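Now for the letters of each chain:
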Amino acid sequence: MKKFFVLSLLFIFIVCFFHSSVAQNSRAGQRTAAQGDEAELREIVHLPPAERIEKLKAFIASHPRSSSSSIAAELIVSAHAELGAERLQAGDSNAAIEQFRIAITESPASMSDQLFNAVISQIPSNLFVAGEHGAAFDITKLIEQRVSDNPKRLLVLAGFYLNTEQADDATRVAELAVKLAPEMAAAHQALGAARHISLRLDDAASEYARAAELDPQSVRARMSLADLRRAQGKAEEALNIYRALLASDASNKQARTGLVLALFDLNKREEAEREMQAALSDEPRNFALLAGAAYWYVAHGLDARALELAQAAVQVEPRYTWAQIALARALIADQRPMEAERVLNFARQYGRFPTLDYELANALAATGLYNEAEDVLARNFKITDGQIGTLLAGRVEARGADFIELLAPERRASIFQPVAAETEANARTLKALLALHQAINPAGANATVNEAYVISAAQDFTAGNDVMRVFRQLYAANLLAKNRVALQSALDLTDAATGGVDAGLSVPFATAAVLPDYVRELRSNALATGSTTIVSNLSRAVLSNYLRGRLEDIAGWILFNQGKTSDAIVRLKRAATVLPENTAQGRSVLWHLGAAYEANGDRGEALNAYIKSYDRSEPDATRHAIIEALYRKVNGSLDGLDERIGPAPAVAVNTAPPATEQANTPSQNPAPSPTPAPASTPTTPANNEATAPSRTEAAPSPEATPQPSTIPVETQPAQSAPSNASPQPASERSPEVAPSSLIPPPAPEASPSPSPEQAAKPSTTQETNDTRQTAPTTSRQRRAQGRASQGGERCSIEVSDADATIQHNGGSIILTVTFNGLNGDPQITASTSNWSDIAVFPEPRSASDADSTLKFSITSISTKAGLYTVTFKSRCGTKTVSVTVR
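Here the residue numbering is sequential within each chain, running from 1 through the sequence in written order. Note on the predicted model: pLDDT of at least 70 is required for a residue's local features to be given, and 80 or more for side-chain atom pairs to be given and counted; whole-chain, interface and lining totals, by contrast, use all residues. Here the side-chain values reflect all heavy atoms present in the structure, with hydrogen atoms and water set aside.

Engineer: Account for the overall build of the protein, naming residues and giving values.
Structural biologist: Here a helix means four or more residues in a row that DSSP labels H or I, a strand means two or more in a row labelled E, and each is numbered from the N terminus. Across its full length, the protein holds 39 helices and 15 strands. The proportion of buried residues among the 886 residues of the protein is 54%. Areas reported as accessible are Shrake-Rupley estimates using a 1.4 Å probe. Residue values count occlusion only from the protein chains shown. Put simply, the protein shows about 37,800 Å² of open surface, and 49% of that area lies on carbon and sulfur atoms. Burial here depends on accessible area, computed with a 1.4 Å probe over protein chains only, as a share of the maximum for the residue type. Under 20% is buried, over 50% is exposed, and the range in between is partly exposed.

Structure below.
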């Protein structure tokens with residue numbers, strides 16, 4: 001807004017200067033009887049715009065043959081433009097646009113260069129900066145009609161289109177200029193720039209070459225040509241152009257940067273390093289050079305040097321997205337993918353294009369968070385007939401056989417790097433992940449899942465022998481089991497994964513890979529409060545038990561769905577022996593085991609398993625009803641049940657017990673009992689088993705089981721300021737607690753391995769940048785906190801809007817949360833399960849804000865429209881807001 005205000009004032013000043021200049025020119029150029037007319041004009045130009053227009057029109061009417069009439073006509077145009085600028089500054093956009101239209105339509109066909117350059121050509125920029133983008137482009141097209149035969153003026157309009165990244169319009173206007181003046185170097189330069197932002201790089205290079213041929217002294221044309229020659233892999237030709245430019249001007253920083261990077265491309269690494277050090281000695285803040293060299297190093301597998309240079313680049317200019325991409329790649333190579341994800345989420349504040357989303361998906365996949373990676377890929381990419389499609393730069397349709405080929409134009413157009421920092425194997429894996437997502441979720445209302453396609457995609461996704469393969473197999477097996485498709489393939493994947501457990505647990509981020517859903521929730525909550533979360537690893541023994549237990553649970557559940565209840569019981573019992581009963585995973589597998597026992601006719605064993613599974617600290621109406629029904633069948637009454645699992649919840653949701661006893665054989669009726677998550681468990685895309693009252697309904701997924709309530713985490717401030725944009729070096733980061741210090745000795749009759757709940761430190765509250773992040777609490781604790789208030793009164797929170805509407809891709813709204821009946825900070829947090837499409841952040845408090853209010857901004861961070869929810873939580877209660885993104 002400040003920029004708009006300054007630009008508006010500048011425009012008004014320029015128009016006023018134009019009035020004065022016109023008057024001065026008329027006095028100097030006219031020494032005849034027309035001097036009286038000029039004197040009259042000099043008086044008129046000092047009047048306010050509206051009055052000036054009327055006086056000028058009267059002057060023209062009364063002096064039809066005066067040589068000053070043409071001057072008066074141009075002064076009328078500038079007065080309308082000035083009046084439009086004033087209306088725009090006052091906030092009356094409609095009146096401003098109308099005045100600008102009049103100025104253009106009434107401008108003389110033979111308007112002077114002075115009028116065009118000082119007044120007419122400035123109107124589109126004023127409208128654009130004011131946020132009137134549509135009107136700006138409409139006005140520009142209106143100007144085009146007035147100057148369609150003047151190539152110089154068309155190039156001015158092409159410049160506006162280039163600055164606003166309107167590639168098609170810039171191309172059209174530049175092509176018209178070239179047609180009118182084929183020997184004008186500037187016209188070819190403009191057309192080259194239009195081809196460049198359209199990602200037609202070969203065509204752009206041809207236009208730059210023609211511009212350099214027509215004007216050999218044009219530094220801009222030669223520089224543009226050299227950069228694209230380097231992007232095309234023609235480093236030798238580019239190097240010669242850079243050397244020639246430096247011979248003419250040794251201070252040309254861009255040419256010096258290009259020379260160093262061309263030397264790297266030619267594998268003249270020692271010479272390139274010498275030249276780079278010399279360049280950085282003269283200009284230490286040359287972030288383009290630092291980022292370009294960092295990307296080259298990471299693309300060639302020299303990760304330590306890449307990390308060093310990328311960190312230096314983002315320290316200089318954290319908003320440069322390609323520096324952050326290079327840093328993220330180096331961090332992944334250094335086995336720090338979760339830090340890479342933080343870097344890329346920060347970068348998405350300053351850029352939105354498919355390569356950046358791909359890099360984010362890559363960081364998530366490198367951590368083992370395949371569900372999140374899948375969501376990110378599906379946002380911008382789609383596979384059709386084996387080809388991946390997207391909109392490059394958000395506007396250019398493109399297709400490619402793989403991600404490297406598809407995204408190459410963005411890299412080459414932006415940082416002129418001919419080689420991608422990606423491997424073919426990894427690109428194949430991510431393509432297979434996207435293919436698996438599409439196969440499981442076919443598009444179209446009547447679309448059906450093609451099992452052969454699913455199996456093929458799963459095989460491609462789980463191919464390879466790398467240490468992360470076990471996690472891919474786990475994810476794919478769970479995905480197939482959850483969707484009840486290709487169950488035998490899913491079972492084969494669980495069996496194959498067992499042999500890769502030890503290798504998979506060797507990665508430093510194994511906890512995140514073993515427990516991806518819970519880690520996702522932790523990080524989403526941290527993001528909502530303006531913090532980030534680094535997960536400390538649990539011990540290898542604990543993780544081994546959890547990973548093996550998950551594999552056995554999935555396998556048992558698959559067998560159950562296949563009607564092989566006896567085999568299912570064997571596998572589920574194995575899972576139950578390694579997953580502690582007092583954890584979410586342990587309770588889930590016991591519930592599955594109970595369902596298998598019941599299907600097998602072992603009611604007593606089923607009842608015992610159900611009761612062990614039930615968490616009386618988190619009462620669940622549906623599970624309670626199921627246990628009641630079976631308990632009555634086994635014991636004839638409900639006597640003693642409350643002592644074992646507690647009373648039924650006061651408010652039950654869908655508490656009807658199973659309608660009938662399962663009398664059929666498992667093979668005839670294999671659908672299991674439901675596995676609802678506890679009612680207070682936050683729902684995530686992979687944790688949505690809220691209620692399922694009947695045994696004849698589809699079986700839930702083991703992946704959807706609740707995750708542990710606590711694992712050791714480190715909460716840090718979000719990267720919100722440029723000065724803190726890059727992660728700290730390993731030696732400077734907050735130390736992670738050693739896993740051994742987090743695991744107490746097991747109780748005498750405890751399960752074989754301690755749980756993450758047992759392994760975690762006691763819950764603490766950490767303060768970071770005035771944002772408080774509290775450790776997770778149970779629903780019982782939350783209810784107790786909700787009753788906490790001054791004087792015994794119940795406290796509550798209210799949100800200013802229950803329904804909000806924002807525009808996609810950057811639209812934002814600020815909501816006010818008010819808390820009542822409580823003195824002090826209510827520790828309100830905001831969260832959403834759609835964090836990849838909308839972001840929620842607390843706003844800084846100002847001196848005028850009441851102590852009982854907090855403000856949160858909700859911003860659309862993708863091009864996806866839809867209906868989302870944001871939940872505000874505090875010890876005084878919970879409020880949910882619906883957010884419509886248009």
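From this point on, the discussion continues.
Engineer: So, the environment of A323: which residues are in play, and what are the values?
Structural biologist: Note on placement: A323 falls in helix α19 (residues 321-333). For the pair A323 and A313, spaced ten residues apart in the sequence, the C-alpha separation amounts to 6.0 Å. Setting aside residues no more than four positions away along its own chain, A323 makes contact with A291, A310, A313 and V314. Residue contacts are counted whenever heavy atoms from the two residues lie within 4.5 Å of one another.

Engineer: How would you summarise the sheet that holds strand β11 (residues 829-831) if you had to cite specific residues and measurements?
Structural biologist: Overall, mixed pairing links the four strands, which are arranged β9-β15-β14-β11 in an open sheet. Of all the strands in the sheet, the pair left with one neighbour each is β9 (803-806) and β11. For this sheet, the mean angle separating the axes of adjacent strands, direction not counted, is 25°. Here β9 pairs with strand β15 (residues 877-885) via four bridges, running parallel. Bridge pairing in β15 links D803 to S882. For two strands to be treated as a pair, DSSP must find at least two bridges joining them. Here an angle of 0 to 180 degrees is reported between the N-to-C directions of two axes, which are lines fitted to C-alpha atoms, with helices fitted over the stretch in contact.

Engineer: Now, about the pattern of salt bridges: what can you tell me, with residues and values included?
Structural biologist: Within this document, salt bridges are pairs made up of a side-chain nitrogen of Lys or Arg and a carboxyl oxygen of Asp or Glu, the two lying within 4 Å of each other. As enumerated under the stated definition, the model contains 29 salt bridges in all. R210 is the partner of E213 in a salt bridge, and the nearest nitrogen-oxygen pair spans 3.3 Å. Pair noted here: E213 and R210 are both in helix α12 (residues 201-214), with a separation of three residues, about one helical turn. In this structure, R229 and E237 form a salt bridge, with 2.7 Å as the shortest nitrogen-oxygen distance. The buried category is assigned to R229, whose relative accessible area is 14%. Several salt bridges converge on common partners, so that one network encompasses K141, E144, D169 and R172.

Engineer: Tell me what's going on with the packing of helix α31 (residues 540-561) against helix α33 (residues 584-599), and back it up with residues and numbers.
Structural biologist: It is the contact of α31 with α33, at a shortest axis distance of 11 Å, that shows an interaxial angle of 25°. Relative to α33, α31 is oriented roughly parallel. Like other packed secondary-structure pairs, α31 and α33 cross with a definite hand, here left-handed. Contacts between α31 and α33 involve Y546, D553, W557 and F560 from the former and Q585, S588, V589, H592, A595, A596 and A599 from the latter. Its residues placed into classes, the contact of α31 with α33 shows seven nonpolar, three polar and one charged. Working rule for angles: under 35 degrees goes down as roughly parallel, over 145 as roughly antiparallel, 65 to 115 as roughly perpendicular, anything else as oblique. Whether a crossing is left-handed or right-handed is set by the direction in which the near helix is turned from the far one by less than a right angle, anticlockwise for left-handed and clockwise for right-handed. Throughout this entry, Asp, Glu, Lys and Arg are counted as charged residues, while Ala, Val, Leu, Ile, Met, Phe, Trp, Tyr, Cys and Pro are counted as nonpolar. The remaining residues, Gly among them, count as polar.

Engineer: Describe the pairing of strand β2 (residues 387-392), and please don't skip the residues or the numbers.
Structural biologist: Sheet topology places strand β1 (residues 382-384) next to β2; three bridges connect them, and they run antiparallel. From the neighbouring strand, T384 faces β2, where its bridge partner is Q387. Hairpin connection from β1 to β2: two residues lie between these consecutive antiparallel strands, with D385 at a positive phi of about 55°. Strand direction decides the pairing type here: β2 and strand β3 (residues 396-400), joined by five bridges, are antiparallel. In the strand pairing of β3, I388 is matched with G400. Between β2 and β3, which pair antiparallel and follow one another directly, the connecting turn spans three residues, one of which, A393, has a positive phi of 55°.

Engineer: Account for the pairing of strand β13 (residues 853-860), with residues named and values stated.
Structural biologist: Here β13 lies mainly inside the structure; seven of its eight residues are buried. As paired strands, strand β10 (residues 812-820) and β13 are joined by seven bridges and run antiparallel to one another. Of the residues in β13, the one forming a bridge with I814 is S857. Two elements, strand β12 (residues 838-842) and β13, share five bridges in a ladder whose sense is antiparallel. Residue pairing across strands places F841 opposite S857, the latter belonging to β13.

Engineer: Residue-level account of the sheet that holds β2, with values.
Structural biologist: Taken in spatial order, the three strands line up as β1-β2-β3 in an open sheet, and their pairing is antiparallel. Every other strand in the sheet has two partners, leaving β1 and β3 as the edge strands with one partner each. On average, adjacent strands in this sheet sit at an angle of 35° to one another, irrespective of strand direction.

Engineer: Help me get a handle on the packing of helix α14 (residues 235-248) against helix α15 (residues 253-265), residues and values and all.
Structural biologist: It is the contact of α14 with α15, at a shortest axis distance of 9 Å, that shows an interaxial angle of 150°. Comparing their axes, α15 and α14 come out roughly antiparallel. Remark: the crossing between α14 and α15 carries left-handed chirality. In contact with A235, L239, Y242, R243, L245 and L246 of α14, α15 contributes A255, R256, G258, L259, A262, L263 and D265. Looking at the contact of α14 with α15, its residues break down into nine nonpolar, one polar and three charged.

Engineer: Lay out the packing of aromatic side chains with the relevant residues and their values.
Structural biologist: Centres within 6.5 Å are what make two rings of Phe, Tyr or Trp a pair, Trp counting through its six-membered ring; a difference in plane orientation under 30 degrees is then read as stacked, over 60 as edge-to-face, and the rest as tilted. Enumeration according to the criterion identifies 19 aromatic pairs in this entry. Considering the side-chain rings of F137 and F160, the 6.0 Å spacing of their centres and the 55° angle between planes classify their relative orientation as tilted. A residue pair is termed long-range when its members are at least 10 positions apart, and F137 in helix α8 (residues 133-146) and F160 in helix α9 (residues 151-163) qualify at 23 residues. Assessed through its relative accessible area of 9%, F160 is described here as buried. A network of ring pairs unites the aromatic residues F128, F137, F160 and Y161 as a single cluster. The ring centre of W591 lies 4.5 Å from the NZ or CZ of R623, which sits over that ring. Two conditions define a charge sitting above a ring: the NZ of Lys or the CZ of Arg must be within 6 Å of the ring centre, and it must be within 35 degrees of the ring normal.

Engineer: Break down the confidence of the model for the protein for me, with residues and values.
Structural biologist: The pLDDT averaged across the protein works out to 79; a share of 77% of its residues lies at or above 70. For residues 1-15, every residue scores under 50 in pLDDT, and the model assigns this stretch 29 contacts once sequence neighbours within four places are set aside. The score called pLDDT rates the predictor's confidence residue by residue, from a low of 0 to a high of 100. Throughout residues 651-793 the model reports pLDDT below 50, and contacts reaching past four residues in sequence, or to other chains, amount to 320 contacts.

Engineer: Any chance you could break down the side chain of S107 for me, citing the residues and the numbers?
Structural biologist: Inspection of the secondary structure assignment puts S107 in the loop between α5 (93-105) and α6 (113-118). For S107, a relative accessible area of 2% gives the class buried. Aside from chain neighbours lying at most four places away, what touches S107 is V77, I120 and R146.

Engineer: Before we move on, could you go through unusual backbone geometry and cite the residues and values that matter?
Structural biologist: With phi around 65°, L199 is a residue other than glycine that occupies positive phi space. A relative accessible area of 15% means that L199 is categorised as buried. One non-glycine residue with positive phi stands out, namely N267, at about 60°. Following the sequence through the fold, N267 ends up in the loop between α15 and α16 (269-282).

Engineer: Quick rundown of helix α17 (residues 287-299)? Include the residues and the values.
Structural biologist: Helices are assigned an expected span. That span is 1.5 Å times one less than the residue count. With 13 residues, α17 ought to run about 18 Å at 1.5 Å a step, and its terminal C-alpha atoms sit 18 Å apart, in line with that. With eleven of its 13 residues buried, α17 lies for the most part within the structure. Buried residues of α17: L289, L290, A291, G292, A293, A294, Y295, W296, Y297, V298 and A299, and no others. Residues of α17 that are buried sit in contact with α15, α16, α18 (303-316), α19 and α23 (403-414). Backbone geometry just after α17 places G301 at a positive phi near 75°.

Engineer: Which residues make up the environment of R172, and what are the values?
Structural biologist: Its location among the elements puts R172 in helix α10 (residues 167-180). Judged by relative accessible area, R172 falls into the partly exposed class, the value being 34%. Note: C-alpha distance between R172 and A194 (22 residues apart in sequence) is 8.8 Å. Once residues lying within four places of it in the same chain are set aside, the contact partners of R172 are K141, E144 and Y161. Any pair of N or O atoms that falls within 3.5 Å is considered a polar contact. Within protein, one atom must be able to donate a hydrogen and the other to accept it, and sequence-neighbouring residues count only if both atoms are side-chain atoms. Within polar-contact distance, the side chain of R172 engages the side chain of D169 at 2.8 Å.

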